[in-house]
Amino acid sequence: MHPVSLLKLAAVSLLMLPIMSASGKSSAENSVTEAMLDNGLKILIKEDHRAPVVVSQIWYRIGGSYEPEGITGISHVLEHMMFKGTSNNPTGEFDRIISENGGSGNAFTGRDYTAYFQKLEKSRLGVSFDLESDRMQNLLLNEDEFKKEREVVIEERRLRTEDKPESKVYEKFMKRAFRDHPYGRPIIGWMRDLEKLELEDLEKWYKRYYTPANAILVVAGDVDPQQVIAAAKETYGKVPSTDVDMPDRPAVPEQNGVQRLSVKAPANVAYMLMGFHVPAVVDQPDNEWEPYALEILSGILDGGDAARFFDQLIRTEKVATAAGTDYDPFARLAGYFLIDGNPADGKTVEELEQAILAQIERLKTEPVSPAELDRVKAQIVASDTYELDSIFYQGMKLGLLESTLFDWRLTEQHSERLQAVTAEQVMAVAKKYFHEDNMTVAVLDPQPVNTSEVAGQ
Amino acid sequence: MKRNYLICLLLLMPGQAIASPDVHHWLTDNGARVYFIETHALPMVDMRLVFDAAGARDPAGRNGLAMLTNDMLLDGTGELDSKAVAEGFENKGAEISTSSLRDMAIVSLRTLSDPRYLEPVSNLLAQLVADPSFPQESLDRERSRALQALDHALQNPGTVAKRKLFSKLYAGHPYANFAIGTREGLKAITRQDLVDFHRRYYTADNLVIALVGDLDMAQAKKLANRISGKLGKGKRAELLPQVPAIAADETRVDFPSTQSHIMLAHIAVKRSDPRVFALKVGNHALGGGGFQSRLMDEIREKRGLSYGAHSYFLPMQQKGPYLASLQTKNKQVDEALTVTRDVIREFIDKGPSPEEVEMAKKNITGGFPLTIDSNKKMVGTLAMMGFYDLPVDYLDTYIDNINAVSREQVIKAMKSTLSMDGMVTVVVGGK
């Protein structure tokens, strides 16, 4: 249980995107079936016949980055309220029926999407379709349930953010890096907004975004696509559609110089978070290789214990105990490259920052070696196979790309794009984006953890 | 109405017989226990090695030694230093990791099955497990990282609560020890300690090899022999001491957090205890069944007191705990604690309703295919079966074992396992 970069941990949290979502081969292409219902619901089906199970996910194009200041967190609160009953199924029925059918399910809200899922033995897929299509149109928003659930979400915020020093740093960091841009707002919402959120706000949000034309149904598992489509027509197909008006894509505020902040919190271990504005796939009609070069760069720094961060910062220089990177090429609004780490005992966050900047300098001045590039690419080839082991993840990839960028086929080209990246391209993106005027750095300033517990016991 | 009709129809369908995968079991030439599932759907192999060499085996004054030994297996062997080892796996796209719990010291490997990958990667693993070099420089680095990980753990109120809870529940027993150890223990560990610990516990007789993937029987046998072949035969670790019963206790720890973490626990059962199936069904209704459980319903759904409220049984070689946990803002601690205790007390007294038993059984049996729907899940299940000496037909009989549980058995199992007189409470948080 050694220190692991917080960004690596965050990569498995459902509030953030996975870090290196290297992906799909041509074999995947053959088995994705695509369909569209008359009411605008998009359907994607990924067959996987290894086990008699199915995963059903319904994705809505709504999430933290759609929210204006004042009602931040509303998408996530609405996600919670979606379990509170409809005109057909009172509170608690949804979960009871899924459970009775041997299923499990949950939901997650991201910056750019909200998704609901059930995992079931394959013959029970219809149960999911009945229930999900019902709450797509018939949700009851009840004042008493809402007041209790708002308290639950506030407790969730305490658990995830208020009492977690690194999460506090991350939240304040993103606000500084993105200022008034939606990516500067926390998915779970500011506490002040949660406290004054009202039922009426939720009603409007639900009416505006929960409609077939704004949703994607993803089914993965041991299914016959034609039967799935027929069952979807019988259920989701009967949900009336309304037009969706999507907010404009706001520009990222210009940054003209390094930005620094320090966050005090009770903690034992110092922490540093650094970031740079970079492009994402959505930005890149011309230089479309750049996001993929950034992903490879991320692997060069942090793709295992042979990669530069572990080898140089932890193993050789002993300046860090953990260091990691995070970059999502498929963000809806903007790309951002994050680096985080903990200084080793006796080292400061300033020394850690200097050591990281030296690694960045090296990326700008010498091409990465063929051996390093080969290693990152070998890992991508292998992970293309490994990820086929998870039915849920196969569905997740399709849903993510279709909900954020309207194009699940990006998964198909993803590996190929990564394999095409050259050492020169990695150097080029490092030079172009990793400079001081584009940098934001936050440090955790640990305050004593005053506790009656004896440390070290 | 149509909706309900459809669901009823599905429920009326006769339960489909779910074929569980064939589990093959044998011993390697030098005595390691192997559990294997053959599946060629994907060109990959998952392997999990489990040694009885985890936190519960830490010698006195050396808390953290088992974890450091496990972790440092990957820090070099023969001519290879830690970077060369990392390259040996990562250049081939293989994923290697170690982890150390209370009972199990684990090494996990995932690799492509093509011999160009599998051969070099499994050879390297075999050499590392049998003959790690434990360089002093690596020990210094990993010790320093472990100390910081310990500091990090202790800045989290949930982790502080759990450590406190285990120290109370298992006072004087090896299960009180956390894998990551203590500051004093970590500081005292020497290279010779690692060497001695490795020699004692990293042996074929003390090893379970779980294998899942794209191999036929002959290949699997060859691979298992390769992995264990360089290990000494050794002997299986002796059984851990019995866990003594303890009396109820409550501890409050001040902590600068906005929420308090509340945990209640009781010494419960061994993995070999025949009551585990009844307790699994019972806990589903009490705290393990998500929104179908009473704890979640009373704490979150009815009162909005906490984001999560769960409980579980953790059977181990010796009696593992029953553990219930939730978190709430500091000023609501007393209310939340009262509700939690009332729910557990009433459940021990009266047990689940017949409907709750039915719901639990339907969910557990209906969801069984989901617990083995990937190579990763299967290899974890095999490792657990092997480590705890469960029968080879464990998967084949699982659904029948759950279906055979009656309400009376649940009530009896709960009453004979738990009582409020043995419930240990820990609350960590602010005022």
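Residues numbered from 1 in each chain as written. Chains lettered and ligands numbered in written order. Predicted model: local features only at pLDDT ≥ 70, side-chain atom pairs only at ≥ 80, totals over all residues. Heavy atoms only, no water.

### Structural notes on the overall build of chain A
Consideration 1: Looking only at helices and strands, chain A features 17 helices and eleven strands.
Consideration 2: Relative to the compact-globule value of 23 Å for 457 residues, chain A shows a C-alpha radius of gyration of 23 Å, a close match.
Consideration 3: Judged by the C-alpha coordinates and their principal axes, chain A covers about 60 × 55 × 45 Å.
Consideration 4: A burial count over chain A gives 65% of its 457 residues as buried.
Consideration 5: Residue pairs at least 24 apart in sequence account for 83% of intrachain contacts in chain A once pairs closer than 6 positions are excluded.
Consideration 6: If you average the places of the 50 positive and of the 73 negative side-chain charges in chain A, the two averages end up 1 Å apart. (Helix = DSSP H or I, 4+ residues; strand = E, 2+ residues; numbered from the N terminus. Rg over C-alpha atoms; globule rule 2.2 N^0.38 Å. Buried < 20%, exposed > 50% of the residue type's maximum accessible area, 1.4 Å probe, protein only. Contact = heavy atoms within 4.5 Å. Lys, Arg positive; Asp, Glu negative; His and termini not counted. Charge placed at Lys NZ, Arg CZ, Asp CG, Glu CD.)

### So, the packing of aromatic side chains
Consideration 1: On inspection of all chains with the given rule, the structure shows 31 aromatic pairs over all chains.
Consideration 2: Centre to centre, the rings of Phe166(B) and Phe178(B) are 5.8 Å apart; their planes meet at 90 degrees, and the pair counts as edge-to-face. On the criterion of sequence distance, the pair formed by Phe166(B) in helix H6 (residues 157-169) and Phe178(B) in the loop between H6 and helix H7 (183-188) is long-range, its members being twelve residues apart.
Consideration 3: Given a relative accessible area of 1%, Phe166(B) falls into the buried group.
Consideration 4: Take Phe178(B): its relative accessible area is 17%, and that puts it in the buried class.
Consideration 5: Over the ring of Phe392(A) we find Lys119(A), and its NZ or CZ is 5.2 Å from the ring centre. (Phe/Tyr/Trp six-rings, centres within 6.5 Å; stacked < 30°, edge-to-face > 60°. Lys NZ or Arg CZ within 6 Å of the ring centre and 35° of its normal.)

### Some words on the side chain of Ser108(B)
Consideration 1: Looking at where Ser108(B) falls in the secondary structure, it is placed in strand S7 (residues 105-112).
Consideration 2: When near neighbours in sequence (up to four residues on either side) are disregarded, Ser108(B) contacts Met47(B), Arg48(B), Glu95(B), Ile96(B) and Ser97(B).

### A short note on the confidence of the model for chain B
Consideration 1: Per-residue pLDDT for chain B averages 94, and the proportion of residues at 70 or more is 96%.
Consideration 2: Under the prediction, the complex receives an ipTM of 0.92, its pTM being 0.93. (pLDDT = per-residue confidence, 0-100.)

### Overview of the domain arrangement of chain A
Residues and elements named next belong to chain A.
Consideration 1: The assigned domain composition of chain A is domain 1 (32-238) and domain 2 (259-447).
Consideration 2: Domain 1 and domain 2 are separated by 28 Å when their C-alpha centres are compared.
Consideration 3: The interface of domain 1 with domain 2 comprises 38 residues on the first partner and 41 residues on the second.
Consideration 4: Carbon and sulfur atoms supply 70% of the area that domain 1 and domain 2 bury against each other, a total of about 3,500 Å² over both sides.
Consideration 5: Viewed at the interface, domain 2 and domain 1 are joined by five salt bridges.
Consideration 6: One salt bridge in this structure joins lysine 42 and glutamate 402, with 2.8 Å as the shortest N-O distance.
Consideration 7: Mapped onto the side of domain 1 that touches domain 2, the elements with two or more residues apiece are strand S1 (32-36), strand S2 (42-47), strand S3 (53-60), strand S5 (114-121), helix H7 (165-178) and strand S6 (215-221).
Consideration 8: Residues of the side of domain 1 that touches domain 2, tallied by class, amount to 20 nonpolar, four polar and 14 charged. (Domains from an automatic or database assignment. Buried area = accessible area lost by both parts, 1.4 Å probe. Salt bridge = Lys/Arg side-chain N within 4 Å of Asp/Glu carboxyl O. Nonpolar A, V, L, I, M, F, W, Y, C, P; charged D, E, K, R; others polar.)

### Let's talk about the domain arrangement of chain B
Reports of interface size often rely on the accessible area that becomes lost once the parts have come together.
Residues and elements named next belong to chain B.
Consideration 1: Along its sequence, chain B is carved into domain 1 (24-229) and domain 2 (249-429).
Consideration 2: Centre-to-centre separation of domain 1 and domain 2, based on C-alpha positions: 28 Å.
Consideration 3: Across the boundary between the two partners, domain 1 contributes 38 residues, which contact 34 residues of domain 2.
Consideration 4: In total, about 3,200 Å² of surface goes out of reach between domain 1 and domain 2, with carbon and sulfur atoms giving 76% of it.
Consideration 5: Summed over the three residues of domain 1 that lose the most area to domain 2, namely Tyr35, Leu165 and Leu169, the buried surface amounts to 18% of that side.
Consideration 6: Where domain 1 touches domain 2, the interface holds two salt bridges.
Consideration 7: Between aspartate 389 and arginine 33 there is a salt bridge, with its nearest N and O atoms 3.6 Å apart.
Consideration 8: Counting every contact that joins domain 1 to domain 2 gives seven residue pairs in polar contact (both at pLDDT 80 or more).
Consideration 9: Among the secondary structure elements, those contributing two or more residues to the side of domain 1 that touches domain 2 are strand S2 (33-38), strand S3 (44-51), H6 and strand S8 (207-213).
Consideration 10: Per-class residue counts for the side of domain 1 that touches domain 2 are 21 nonpolar, six polar and eleven charged. (Polar contact = N/O pair within 3.5 Å; in protein donor to acceptor, adjacent residues only side chain to side chain.)

### Some details on the packing of helix H10 (residues 276-288) of chain B against helix H13 (residues 354-366) of chain B
Residues and elements named next belong to chain B.
Consideration 1: Two numbers describe how H10 lies on H13: the axes approach to 9 Å, and their chain directions differ by 110 degrees. With respect to their mutual orientation, H10 and H13 come out roughly perpendicular. Contact with H10, carried on its side by Lys280, Val281, His284 and Ala285, involves Glu356, Val357, Ala360, Lys361, Asn363 and Ile364 of H13 and no other residues of that element.
Consideration 2: Its residues placed into classes, the contact of H10 with H13 shows five nonpolar, two polar and three charged. (Axes fitted to C-alpha atoms, helices over the stretch in contact; angles between N-to-C directions. Parallel < 35°, antiparallel > 145°, perpendicular 65-115°, else oblique.)

### Quick word on the sheet that holds strand S10 (residues 259-267) of chain B
Residues and elements named next belong to chain B.
Consideration 1: Read from one edge of the open sheet, five strands run S9-S13-S10-S12-S11, paired in mixed fashion. Of all strands in the sheet, those bounded by a partner on one side alone are strand S9 (249-254) and strand S11 (309-313). On average, each strand axis in the sheet is tilted by 15 degrees relative to the strand beside it, whichever way the strands run.
Consideration 2: Judged from the nine bridges that link them, S10 and strand S12 (residues 321-329) form a sheet pairing that is antiparallel. The residue of S12 that forms the bridge with alanine 265 is leucine 323.
Consideration 3: This element, H6, spans S9, S10, S11, S12 and strand S13 (424-429) of the sheet and lies at about 25 degrees to S10. (Pairing = 2+ DSSP bridges.)

### Description of the sheet that holds strand S4 (residues 104-109) of chain A
Residue and element names in this part refer to chain A.
Consideration 1: Spatially, six strands are ordered S1-S2-S6-S3-S5-S4 in an open sheet, and the strand pairing comes out mixed. The sheet is open, and its two borders are formed by S1 and S4, each paired with just one other strand. Each neighbouring strand pair of the sheet contributes to a mean axis angle of 15 degrees, computed without reference to strand direction.
Consideration 2: Seen against the sheet, helix H5 (residues 125-137) touches S3, S5 and S6 and runs at an angle of roughly 155 degrees to S5.
Consideration 3: In the packing of helix H15 (residues 391-405) onto the sheet, the strands contacted are S1, S2, S3, S4, S5 and S6, and the crossing angle to S3 comes to about 20 degrees.

### Some details on the interface of chain B and chain A
Consideration 1: On the side of chain A, 81 residues touch chain B, which itself brings 83 residues to the contact.
Consideration 2: Summed over both sides, the interface between chain B and chain A buries roughly 7,000 Å², with carbon and sulfur atoms accounting for 55% of that surface.
Consideration 3: When the area that chain B buries against chain A is broken down by residue, the three leading residues are Arg145(B), Gln155(B) and Tyr307(B), summing to 10%.
Consideration 4: Between chain B and chain A we count eight salt bridges in total.
Consideration 5: The partner of Asp311(A) in a salt bridge is Lys83(B), with the nearest N and O atoms 3.2 Å apart.
Consideration 6: Summed over the shared surface of chain B and chain A, the result is 34 residue pairs in polar contact (both at pLDDT 80 or more).
Consideration 7: A total of ten residues in the side of chain B that touches chain A trace back to one element, the largest contributor, which is helix H5 (residues 136-153) of chain B.
Consideration 8: Here the residues of the side of chain B that touches chain A are counted per class, giving 29 nonpolar, 27 polar and 27 charged.

### Some details on unusual backbone geometry
Residue and element names in this part refer to chain A.
Consideration 1: At arginine 179, a residue that is not glycine, the phi angle is positive and equals roughly 45 degrees.
Consideration 2: When you line up the elements, arginine 179 lands in the loop between H7 and helix H8 (191-196).
Consideration 3: Classification of arginine 179 by relative accessible area gives partly exposed; the value is 36%.

### Overview of the nonpolar core
Residues and elements named next belong to chain B.
Consideration 1: Core analysis: the largest hydrophobic core is formed by 141 residues, its most contacted members being Leu49, Ile209 and Leu211.
Consideration 2: Looking at this core, you find at least three residues from each of domain 1 (24-229) and domain 2 (249-429).
Consideration 3: Ignoring any residue separated from it by four or fewer positions in sequence, one finds leucine 211 in contact with Val34, Tyr35, Phe36, Ile37, Val45, Asp46, Met47, Ala220, Leu223, Val379 and Leu382. (Core = buried A, V, L, I, M, F, W, Y, C linked by side-chain atoms within 4.5 Å.)

### Comments concerning the packing of helix H13 (residues 349-365) of chain A against helix H17 (residues 423-433) of chain A
Residues and elements named next belong to chain A.
Consideration 1: The geometry of H13 relative to H17 is characterised by a closest axis approach of 7 Å and an angle of 125 degrees between their N-to-C directions. Between H13 and H17, the angle is such that the two are oblique. Helix-helix and strand crossings are classified by hand; for H13 and H17 the assignment is left-handed. The segment H13 lies against H17, with Leu363, Lys364 and Thr365 engaging Val426, Met427, Ala430 and Lys431.
Consideration 2: Taken together, the residues of the contact of H13 with H17 sort by class into four nonpolar, one polar and two charged. (Left-handed = near helix turned anticlockwise from the far one by under 90°.)

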